[in-house]
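Each chain, letter by letter, is given below.
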Amino acid sequence: MVSFVITSSSQPQSIPLLFKGKPTLQEQYGITSHITWYGHEYDDYPHNMNLIRQSGTNVVRTDYSAKNLSWGTSVPNYSRWDNILNEARAKGIRLLPMVFHSYNSYTEDKRADYKTYLSSCVSRYGSNAVGWEIGNEIDFNYVKEGRNSPKEYLLLLKDSYETVKLDNPKNQVLLGAMGDIRNHYLEELLSLGASDYFDILNIHYYSAYSIPETIIPFCQKLDSINTQFQLEKPVWLTETGYISYSGAADQDIFYTKLLPDVYKKLGIKMGHLQTSVA
């Protein structure tokens, strides 16, 4: 089960359960990293893997993109992914691959090639994977760009599920994370029968420029979807946070409002805060 405790004054106050889920996971925390990408974390991957292990987490969610593998060429290049796998095993870290194809759209003529690509990934790296996530924030591609309709993604998800399970029926398939469950993409997808083709419902939550407590109506919306479609699946939150990077609109709010409120709740005295952060 998932619940939240909000502290007001000195007395913790428990609020009602927001949605159903498993009480614990064997590996509860992980880090999302572009550790398979040149020009990103891969460039110093042994050091980055050390940092990940030192943080106390033991799962890395990362990209397995057909484009980065040079899939479709005469000799796909597995060297980077093999290096990451070997380093992960040495550090006691498991991987959560996000699988991406390289097509503009997923159509009937692409299915055989995609399933061959995915099968090669699963057979090569599956023993270290906690699951296989099919895409990422799939709803945003449709809502923002008109690509990846629920019907198109359903075909991709079905092919992915069957391919992953063919290697080992115990392999877990994650729905490509929903960037925003409030845009109705998930309901459309579930109404087409998508729940038959994933084991874990995967979501993202960013409070953006709102207060963190906006996660409460977000989870209530998730609960209503679970009830509507009678879902009894684990829910994984694979990305969450607050926008604080330099250049973000209203970035100052993180430093001038959110952090002071958090520190006040915790009884921590703060020094001088600049009103603008470069």
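Residues numbered from 1 in each chain as written. Predicted model: local features only at pLDDT ≥ 70, side-chain atom pairs only at ≥ 80, totals over all residues. Heavy atoms only, no water.

Caption draft 1: Seen up close, helix 3 (residues 111–125). With 15 residues, helix 3 extends 21 Å between its outermost C-alpha atoms, agreeing within 8% with the 21 Å of an ideal straight helix rising 1.5 Å per residue. Of the positions making up helix 3, those classed as buried are Arg 111, Tyr 114, Tyr 117, Leu 118, Ser 120, Cys 121, Val 122 and Tyr 125. Buried residues along helix 3 sit against strand 4 (59–65), helix 2 (79–91), strand 5 (94–100), strand 6 (132–136) and helix 5 (150–167). (Helix = DSSP H or I, 4+ residues; strand = E, 2+ residues; numbered from the N terminus. Expected span 1.5 Å × (residues − 1). Buried < 20%, exposed > 50% of the residue type's maximum accessible area, 1.4 Å probe, protein only. Contact = heavy atoms within 4.5 Å.)

Caption draft 2: Focus on the packing of helix 1 (residues 45–54) against helix 2. Their axes nearest at 10 Å, the elements helix 1 and helix 2 cross at an angle of 35°. Viewed along their axes, helix 1 and helix 2 form a crossing whose handedness is right-handed. Contacts between helix 1 and helix 2 pair Tyr 45, Pro 46, Met 49, Asn 50 and Arg 53 from the former with Asn 83, Ile 84, Glu 87, Ala 88 and Lys 91 from the latter. For the contact of helix 1 with helix 2, the class distribution of residues is 5 nonpolar, 2 polar and 3 charged. (Axes fitted to C-alpha atoms, helices over the stretch in contact; angles between N-to-C directions. Left-handed = near helix turned anticlockwise from the far one by under 90°. Nonpolar A, V, L, I, M, F, W, Y, C, P; charged D, E, K, R; others polar.)

Caption draft 3: The arrangement of the side chain of Thr 57 in detail. Assignment of secondary structure puts Thr 57 in the loop between helix 1 and strand 4. You can call Thr 57 buried: its relative accessible area is 10%. Within the local environment of Thr 57, its side chain forms a polar contact with the side chain of Ser 55, the two groups lying 3.0 Å apart. (Polar contact = N/O pair within 3.5 Å; in protein donor to acceptor, adjacent residues only side chain to side chain.)

Caption draft 4: Broad picture of the pattern of salt bridges. As enumerated under the stated definition, the model contains 11 salt bridges in all. Among the salt bridges present, the one from Arg 111 reaches Glu 108, with a minimum N-O distance of 3.1 Å. The buried category is assigned to Arg 111, whose relative accessible area is 17%. Accessibility expressed as a relative area gives 57% for Glu 108, which makes it exposed. For the salt bridge of Asp 109 with Lys 110, the shortest nitrogen-to-oxygen distance reads 3.1 Å. A relative accessible area of 59% places Asp 109 in the exposed class. (Salt bridge = Lys/Arg side-chain N within 4 Å of Asp/Glu carboxyl O.)

Caption draft 5: Up close: helix 2. Under the 1.5 Å per step criterion, the end-to-end length of helix 2 is 18 Å for 13 residues, consistent within 8% with the ideal 18 Å. The set of residues buried in helix 2 consists of Arg 80, Trp 81, Ile 84, Leu 85, Glu 87 and Ala 88. Elements that come into contact with the buried residues of helix 2 comprise helix 1, strand 4, strand 5 and helix 3. Following helix 2 by one or two positions, Gly 92 has its phi on the positive side, about 70°.

Caption draft 6: Here's a closer look at the pairing of strand 7 (residues 173–177). Within strand 7, 5 of the 5 residues are buried, which leaves the element mostly enclosed by the surrounding structure. One ladder, built from 4 bridges, connects strand 6 with strand 7; its direction is parallel. Paired with Trp 132 across the two strands is Val 173, which belongs to strand 7. (Pairing = 2+ DSSP bridges.)

Caption draft 7: Spatial organisation of a nonpolar patch on the surface. Together, Val 262, Leu 266 and Ile 268 give the surface a local cluster of nonpolar side chains, amounting to about 260 Å² of exposed area. You can see Val 262 is positioned in helix 8 (residues 252–266). For Val 262, a relative accessible area of 35% corresponds to the partly exposed category. (Patch = residues over 30% accessible without salt bridge, like charges linked within 9 Å, V, L, I, M, F, W, Y side chains within 5 Å. Areas by Shrake-Rupley, 256 points an atom, 1.4 Å probe, with all protein chains shown as cover.)

Caption draft 8: Spatial organisation of the packing of aromatic side chains. Applying the stated rule across the entire model yields 12 aromatic pairs. Between Tyr 161 and Tyr 197, the aromatic rings sit 6.1 Å apart at their centres with planes inclined by 75°, giving edge-to-face as the arrangement. Placement of the pair is Tyr 161 in helix 5 and Tyr 197 in the loop between helix 6 (185–191) and strand 8 (201–206), with a sequence separation of 36 residues. Aromatic rings pair up to connect Tyr 64, Trp 81, Tyr 125 and Trp 132 into one cluster. The cationic tip of Arg 124 hangs over the ring face of Tyr 78; the distance from NZ or CZ to the ring centre is 4.1 Å. When the ring centre of Phe 198 is taken as reference, the NZ or CZ atom of Lys 233 above it lies at 5.0 Å. (Phe/Tyr/Trp six-rings, centres within 6.5 Å; stacked < 30°, edge-to-face > 60°. Lys NZ or Arg CZ within 6 Å of the ring centre and 35° of its normal.)

Caption draft 9: Region of interest: the side chain of Ser 33. With respect to the helices and strands, the residue Ser 33 is situated in the loop between strand 3 (31–32) and helix 1. Exposure remark for Ser 33: the relative accessible area of 6% places this residue in the buried category. A distance of 3.0 Å separates a polar atom in the side chain of Ser 33 from a polar atom in the side chain of Glu 41. Apart from the residues lying within four places of it in its own chain, the contact partners of Ser 33 are Glu 41, Val 60, Arg 61, Thr 62 and Asp 63.

Caption draft 10: Fine view of the environment of Lys 67. Its place among the elements puts Lys 67 in the loop between strand 4 and helix 2. Linking Lys 67 and Ser 102, residues 35 residues apart in sequence, is a C-alpha distance of 5.6 Å.

Caption draft 11: Structural context of the sheet that holds strand 6. Ordered by their spatial adjacency, 5 strands build an open sheet running 3-4-5-6-7, and the pairing between neighbours is parallel. Each having just a single partner strand, strand 3 and strand 7 make up the two edges of the open sheet. The pairing of strand 4 with strand 5 spans 7 bridges and is classified as parallel. From the neighbouring strand, Tyr 64 faces strand 5, where its bridge partner is Val 99. Those strands touched by helix 5 are strand 6 and strand 7, and its axis lies near 155° from that of strand 7.

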